[in-house]
Amino acid sequence: MKFLRRGKDGGPESTVWGYWLFEVKWLCSVVLLRFEDGSRDAYHDHAFNAVSWVLSGALFEAHKNTYQEWHTPSWWPVFTRRETFHRVRSHGRSWVLQFRGPGSSTWREYLPATGETVTLTHGRLEASFRGSRL
């Protein structure tokens, strides 16, 4: 559980900082995300479904092998399903308010530099062998 906590969201190389109002993984989470310019060079899915509002800035979302889109401040939220396999890049600093649903125990990352897909679990620990390809 996290309450009124600050930390990296997405691992040590991430350009995203999270300010958690609260996080109860089996229930839900509310987090304010600060995206710094750029992104990690990895695609990922999620352990949770999420509803997000871009409050300021601009985010470029690239879905692996499919479409790309920009997200800017709007009353209309961005819906992200667990299965959404994407990479998000911020153009400058962006702020996002995100509501996350209950989390599963694993999610995946695809590393374009090596062509590997890694399954991660709590604490960003590797849950499976490397080498599978998407």
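Keep in mind it's a predicted model, so treat the numbers as computed, not measured.

(A) How the structure looks around the pattern of salt bridges. For the coordinates displayed, the defined rule picks out 11 salt bridges. Sharing partners across several salt bridges, the network here consists of E13, R40, E109 and R124.

(B) Quick look at the nonpolar core. Listed in full, the nine residues of the largest apolar core are V16, W20, V31, L33, F35, V54, L59, V88 and V96. What L33 contacts, discounting residues up to four positions off in sequence, is D9, V16, W17, G18, S94, W95, V96, Q98 and R100. Listed in part, the eight residues of the second largest apolar core include A42, F48, A50 and L120.

(C) Looking closely at the side chain of D45. Within the secondary structure layout, D45 lies in the loop between strand 4 (43-44) and strand 5 (50-56). Here the side chain of D45 touches R108 through a polar contact of 2.6 Å, landing on its backbone nitrogen. When near neighbours in sequence (up to four residues on either side) are disregarded, D45 contacts R82, E83, T84, F85, W107 and R108.

(D) Examining the side chain of R87 more closely. In this structure, R87 sits in strand 9 (residues 86-90). Among the polar contacts made by the side chain of R87, one reaches the side chain of D41 at a distance of 2.4 Å.

(E) How the structure looks around the confidence of the model for the protein. Averaged over every residue, the pLDDT of the protein is 91; residues scoring 70 or more account for 95%. Low pLDDT, under 50, characterises residues 129-134; the stretch is placed with 18 contacts to residues that sit more than four places away or in other chains.

(F) Broad picture of the packing of aromatic side chains. Summed over all chains, the structure comprises five aromatic pairs. Between W53 and F99 the ring centres are 6.0 Å apart and the planes differ by 90°, which places this aromatic pair in the edge-to-face class. Of this pair, W53 sits in strand 5 while F99 sits in strand 10 (residues 94-100), and the two are 46 residues apart along the sequence. For F99, a relative accessible area of 36% puts it in the partly exposed group.

(G) Structural view of the environment of L32. Examined against the element boundaries, L32 turns out to sit in strand 3 (residues 28-35). Overall, L32 belongs to the partly exposed group, its relative accessible area being 27%. Distance from L32 to W53, taken between C-alpha atoms, is 9.7 Å for residues 21 residues apart in sequence. Residues contacting L32, with those up to four places away along its chain left out, are W17, G18, Y19, L55, W95, V96 and L97.

(H) Spatial organisation of unusual backbone geometry. At L4, a residue that is not glycine, the phi angle is positive and equals roughly 45°. Following the sequence through the fold, L4 ends up in strand 1 (residues 2-8). With relative accessibility at 74%, the residue L4 sits in the exposed group. In this structure, N65 takes a positive phi of about 60° despite not being glycine.

Parameters and conventions
- Residues numbered from 1 in each chain as written.
- Predicted model: local features only at pLDDT ≥ 70, side-chain atom pairs only at ≥ 80, totals over all residues.
- Heavy atoms only, no water.
- Salt bridge = Lys/Arg side-chain N within 4 Å of Asp/Glu carboxyl O.
- Core = buried A, V, L, I, M, F, W, Y, C linked by side-chain atoms within 4.5 Å.
- Buried < 20%, exposed > 50% of the residue type's maximum accessible area, 1.4 Å probe, protein only.
- Contact = heavy atoms within 4.5 Å.
- Helix = DSSP H or I, 4+ residues; strand = E, 2+ residues; numbered from the N terminus.
- Polar contact = N/O pair within 3.5 Å; in protein donor to acceptor, adjacent residues only side chain to side chain.
- pLDDT = per-residue confidence, 0-100.
- Phe/Tyr/Trp six-rings, centres within 6.5 Å; stacked < 30°, edge-to-face > 60°.

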